[in-house]
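# Analysis of the macromolecular model
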Amino acid sequence: LKDSLFEESLVGIHILNVRTKEEVYSYNGEQLLIPASVMKALTSAVALERLGQSYRFVTEVYAIGEVDSDHVLNGDLYIIGGGDPSLRSKDLWELQRQIHLRGIEHVNGHIYFDDSLYKGSQLLPGWNKEIDIANGPSYFPSLSSLSINRNCITLKVRPGAQVGSQA
């Protein structure tokens, strides 16, 4: 308890004897806190229990309109997110290939990306404090049923054409 961690952070510890269910130790045990990394284990256990081992996230594609003899969809294409946390850019290329195999080479209309599966706030419950928002999206991801690349991007900065020119 003399570690600086306890001075600089809000920490809660609650230890129970698993056999007797008796409290062995408590430090801020009644304090309501957002769990740290161990929350992943709890989340995984609940997901396995509720969804089952064979559950698969599905990203659906719908076309509204007619496909002509030139393989042009005269209408709109809808890509509907199913909440897949592992969806990557390369998966979108595969999705495009599957659309092409179904006879659509061009879209004469709009392409809509629908992320409405998770209704309500896109903020994670409890993670709306000013410091969370100030730390930025990598520490404060928003909820979306159509997140790609774990809501991260790669930014490449190259030197300018000449020494002293802008990157």
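Residues numbered from 1 in each chain as written. Predicted model: local features only at pLDDT ≥ 70, side-chain atom pairs only at ≥ 80, totals over all residues. Heavy atoms only, no water.

## Some details on the confidence of the model for the protein chain
The line we're drawing: By definition, pLDDT measures how confident the predictor is in each residue, and it falls between 0 and 100. Counting from the N terminus, the helices are the DSSP runs of H or I reaching at least four residues and the strands are the DSSP runs of E reaching at least two.
For the protein chain, mean pLDDT is 86; residues scoring 70 or higher make up 87% of the total. Across the protein chain, element-level confidence peaks in strand β4 (residues 72-80) with a mean pLDDT of 97 and bottoms out in helix α4 (residues 130-135) with 69.

## Re the environment of serine 89
Formally: Accessible area is worked out with a 1.4 Å probe on protein chains only. A residue is then buried under 20% of its type maximum, exposed over 50%, and partly exposed in between. Under this definition, polar contacts are N or O atom pairs within 3.5 Å; protein pairs additionally need one hydrogen-donor-capable and one acceptor-capable atom, and for neighbouring residues in sequence, both atoms have to be side-chain atoms.
Summarising the element assignment, serine 89 is placed in helix α3 (residues 89-101). For serine 89, a relative accessible area of 34% puts it in the partly exposed group. For the pair serine 89 and asparagine 149, spaced 60 residues apart in sequence, the C-alpha to C-alpha distance is 6.5 Å. Of note is the side chain of serine 89, whose polar atom sits 2.6 Å from the side chain of asparagine 149.

## Regarding the pairing of strand β2 (residues 23-27)
Let me state the cut-off plainly: A pair of strands counts as paired when DSSP detects no fewer than two bridges linking them.
Pairing of strand β1 (residues 13-16) with β2, which is carried by four bridges, proceeds in the antiparallel orientation. Note that in β2 the partner of isoleucine 13 across the bridge is tyrosine 27. In sequence, β1 turns back onto β2 through a hairpin of six residues, with lysine 21 there showing a positive phi of about 65 degrees.

## Looking at the packing of aromatic side chains
Keep this limit in mind: Stacked, tilted and edge-to-face pairs are distinguished by plane angle, under 30 degrees for stacked and over 60 for edge-to-face with tilted covering the rest, among Phe, Tyr and Trp rings (Trp via its six-membered ring) whose centres lie within 6.5 Å.
Under the counting rule described, the total for this entry stands at two aromatic pairs. Between tyrosine 55 and phenylalanine 57 the ring centres are 5.2 Å apart and the planes differ by 85 degrees, which places this aromatic pair in the edge-to-face class. For phenylalanine 57, a relative accessible area of 35% gives the class partly exposed. Ring geometry for tyrosine 78 and tyrosine 112: centres 5.0 Å apart, planes at 20 degrees, overall stacked. Within this pair, whereas tyrosine 78 is found in strand β4, its partner tyrosine 112 is found in strand β6 (residues 111-114), the two being separated by 34 residues in sequence. Judged by relative accessible area, which is 28%, tyrosine 78 ranks as partly exposed.

## A word on the pattern of salt bridges
If charged atoms from side chains of opposite charge come close, those side chains can pair. Applied cut-off: Any Lys or Arg side-chain nitrogen found within 4 Å of a carboxyl oxygen on Asp or Glu counts as a salt bridge.
Within this structure, the stated rule accounts for two salt bridges. For arginine 88, the salt bridge is made with aspartate 91, and the minimal N-O distance between the two is 3.5 Å. Close ionic contact of arginine 97 with glutamate 94 constitutes a salt bridge, the shortest N to O distance being 3.1 Å. Separated by three residues within a single helix, arginine 97 and glutamate 94 lie in helix α3, roughly one turn from each other.

## Let's talk about the side chain of aspartate 84
Applicable threshold: Should any heavy atoms of two residues lie within 4.5 Å, those residues are counted as being in contact.
Within the fold, aspartate 84 resides in the loop between β4 and α3. In this structure the side chain of aspartate 84 is engaged in a polar contact, spanning 2.7 Å, whose partner is the side chain of serine 86. Not counting residues up to four positions away in its chain, the partners in contact with aspartate 84 are Phe57, Ser145 and Ser147.

## What about the layout of surface pockets?
As a reminder, the rule being used: For each structure, a 1 Å grid was placed over the protein atoms alone; sets of points admitting a 1.4 Å probe that cannot get out are labelled cavities, open sets with protein on both sides within 12 Å along at least five of seven lines are labelled pockets, and lining residues have an atom within 4 Å of a point. Grid points are joined across faces, edges and corners, and a volume is the space filled by probe spheres set on the points. Residues are grouped as follows: Ala, Val, Leu, Ile, Met, Phe, Trp, Tyr, Cys and Pro are nonpolar; Asp, Glu, Lys and Arg are charged; every other residue, Gly included, is polar.
Taken as a whole, the second largest pocket encloses approximately 230 Å³ of empty space. In this structure, the second largest pocket is lined by Leu77, Ile79, Leu92, Leu95, Gln96, Ile99, Ile104, Glu105, Val107, Ile111 and Phe113. Where the lining of the second largest pocket is concerned, the elements lending two or more residues are β4, α3 and β6. In terms of residue count, the dominant contributor to the lining of the second largest pocket is α3 (four residues). For the lining of the second largest pocket, the residue count by class is nine nonpolar, one polar and one charged.

## Comments concerning a nonpolar patch on the surface
Note the cut-off: Put simply, a patch holds well-exposed residues, over 30% relative accessible area, that have no salt bridge, with like charges counted together within 9 Å and Val, Leu, Ile, Met, Phe, Trp or Tyr side chains within 5 Å. To be clear on the numbers: accessible area is Shrake-Rupley with a 1.4 Å probe, and residue cover counts the displayed protein chains and nothing else.
Residues Leu51, Tyr55, Phe57, Leu117, Tyr118 and Leu143 make up a contiguous nonpolar surface patch of about 520 Å² in total accessible area. The residue tyrosine 55 is located in the loop between α2 (39-51) and β3 (60-67) in this model. Using a relative accessible area of 36% as the deciding quantity, one classes tyrosine 55 as partly exposed.

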